[in-house]
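# Notes for the structure review
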Amino acid sequence: MLAMVLERPREPLKLVERPDPEPSDDEVRVRVAACGVCRTDLHVVDGELPKPKLPIVPGHEIVGRIDAIGGRVEGLAVGMRVGIPWLGQTCGRCRYCRSGEENLCDHPLFTGYTRDGGFASHVVANAQYVFRLSETGDDVASAPLLCAGLIGWRSLKIAGDGRELGLYGFGAAAHIIAQVARWQGRDVFAFTRPGDRAARDFARKLGACWVGSSEEAPPEPLDCAIIYAPVGGLVPLALKAVRKGGTVVCAGIYMSDIPSFPYSLLWEERSIKSVANLTRTDGVEFFAVAAAAGIVTETVRYPLSRANEALSDLRSGRLQGAAVLVP
């Protein structure tokens, strides 16, 4: 198989040829049709997440078809179209797994971080953490749903049912969740980088009722806000934008330091919450919602060999929507 491998953080990925991986008894091997490029991949490559398995093949927004299957696997078969997400395995024994909070597992494995991911022609995955996908739908368009969509959905649930929803950072996750929120009947307020006219036009196209700079105040207090950009300085701004009792959700796995802010911004029962990983239940819920809402993803295709270019475009903010690698 071909794979883009990270040998050391902050170095370019290298295209290497490896033997096709063989699945263990509880694994499946998947021929990758498309793999989205997520900001979390960027955090892994840039050394912002601790202790990755090195060398590592990044990528956790994987769509493909099973081409080999382990002896103890049930419910899946060769030829099935599947998706492989960030959560690659949990222990099933810790207090969090036992209480239905497997996203907080004490001993997890993560695709593209602590086990090899989908920046490759083939990948193996624990069969219990693979999502069976519909036979309909484009593979490239489906790939961003495996993380941008799933984490976006979890962050939306944590934000609550408020009608006035603010989205800070209008990239891969926000452009999916804006569509879900509009389908739910919410008003979307989109906050972009100052001067980012393309992102503002994109947000308007997807139905945002107001679009402005992240430094601007919305025309009315928000019920809730989700921060998708990994910028800690947005937290005080979002707190200032939400109403009394409002919620600010930090949706990323990594964020720069949050600056100090006056207690008055948090007072009046405002709250700050974070999102950690996902559960398999989130996936079942979200794929049903995505189908019902008719989610359309905006994607830019790159051949696998240009993974470094895709990461660079994501890092610099040149992307509209989501980057997707195609082997």
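Our structure's up above, just so we're on the same page.
Before going into details, it helps to say that this report is about the structure given with it. (Residues numbered from 1 in each chain as written. Predicted model: local features only at pLDDT ≥ 70, side-chain atom pairs only at ≥ 80, totals over all residues. Heavy atoms only, no water.)

Time to look at the overall build of the protein. Secondary structure assignment for the protein yields nine helices and 17 strands. A compact globule built from 327 residues should have a C-alpha radius of gyration of about 20 Å, and the protein, at 19 Å, falls within 12% of that. Expressed as lengths along the three principal axes of its C-alpha atoms, the size of the protein is roughly 55 × 40 × 40 Å. Across the 327 residues that make up the protein, the buried fraction comes to 55%. Sequence separation of 24 or more characterises 69% of the internal contacts of the protein that already satisfy a separation of 6 or more. (Helix = DSSP H or I, 4+ residues; strand = E, 2+ residues; numbered from the N terminus. Rg over C-alpha atoms; globule rule 2.2 N^0.38 Å. Buried < 20%, exposed > 50% of the residue type's maximum accessible area, 1.4 Å probe, protein only. Contact = heavy atoms within 4.5 Å.)

Here we take up helix H4 (residues 148-159). Under the 1.5 Å per step criterion, the end-to-end length of H4 is 16 Å for 12 residues, consistent within 8% with the ideal 16 Å. Burial runs high along H4: 10 of the 12 residues are buried. Gly160 lies just past H4 and shows a positive phi near 100°. (Expected span 1.5 Å × (residues − 1).)

Before going further, it helps to examine the packing of aromatic side chains. Evaluated as defined, the whole model comprises 10 aromatic pairs. Taking the centre distance of 6.5 Å and the plane angle of 40° together, the rings of Trp153 and Phe286 count as tilted. With a gap of 133 residues between them, Trp153 in helix H4 and Phe286 in helix H8 (residues 280-293) connect regions that are remote in the sequence. Take Trp153 and Phe286: they sit in the same class, and that class is buried. An aromatic cluster is defined as three or more aromatic residues linked by ring pairs; in this entry it consists of Phe131, Trp153, Phe286 and Phe287. Seen from the ring of Tyr96, Arg95 lies directly overhead, with NZ or CZ sitting 5.5 Å from the centre. (Phe/Tyr/Trp six-rings, centres within 6.5 Å; stacked < 30°, edge-to-face > 60°. Lys NZ or Arg CZ within 6 Å of the ring centre and 35° of its normal.)

What follows concerns the pattern of salt bridges. Inspection of every chain in the model, using the stated rule, returns 25 salt bridges. A salt bridge links Arg18 to Asp116; the shortest N-O distance between them is 3.2 Å. Within this pair, whereas Arg18 is found in the loop between strand E2 (14-17) and strand E3 (27-37), its partner Asp116 is found in the loop between strand E7 (109-110) and strand E8 (122-126), the two being separated by 98 residues in sequence. Shared partners join several salt bridges into a network, and the residues in it are Arg154, Lys157, Asp282 and Glu285. (Salt bridge = Lys/Arg side-chain N within 4 Å of Asp/Glu carboxyl O.)

A few words now on the nonpolar core. Generally speaking, soluble globular proteins have nonpolar side chains that are buried together. One finds Phe119, Leu167, Phe170, Ile226 and Phe286 to be the most contacted residues of the largest nonpolar core, which totals 90 residues. Examining the composition of this core, we find that seven residues originate from one element, helix H5 (residues 172-183), more than from any other. In this view, Phe286 contacts Leu145, Gly149, Leu150, Trp153, Ile176 and Val180; residues no more than four positions away in its chain are not counted. Counting residues in hydrophobic clusters, the runner-up holds 18 residues, among them Phe191, Leu222, Val242 and Leu265. (Core = buried A, V, L, I, M, F, W, Y, C linked by side-chain atoms within 4.5 Å.)

Before going further, it helps to spend a moment on the sheet that holds strand E11 (residues 187-192). Spatially, E12-E11-E10-E13-E14-E15 is the arrangement adopted by the six strands of the open sheet, whose pairing is parallel. Because the sheet does not close on itself, it has two edges, and the strands there are strand E12 (210-213) and strand E15 (271-274). Along the sheet, successive strands turn relative to each other by an average axial angle of 20°, direction set aside. The strands that H4 touches are strand E10 (164-168), strand E13 (222-227), strand E14 (242-250) and E15; relative to E14, the one it contacts most, it runs at about 155°. Against the sheet, H5 touches E10 and E11, its axis set at about 160° to E11. (Pairing = 2+ DSSP bridges. Axes fitted to C-alpha atoms, helices over the stretch in contact; angles between N-to-C directions.)

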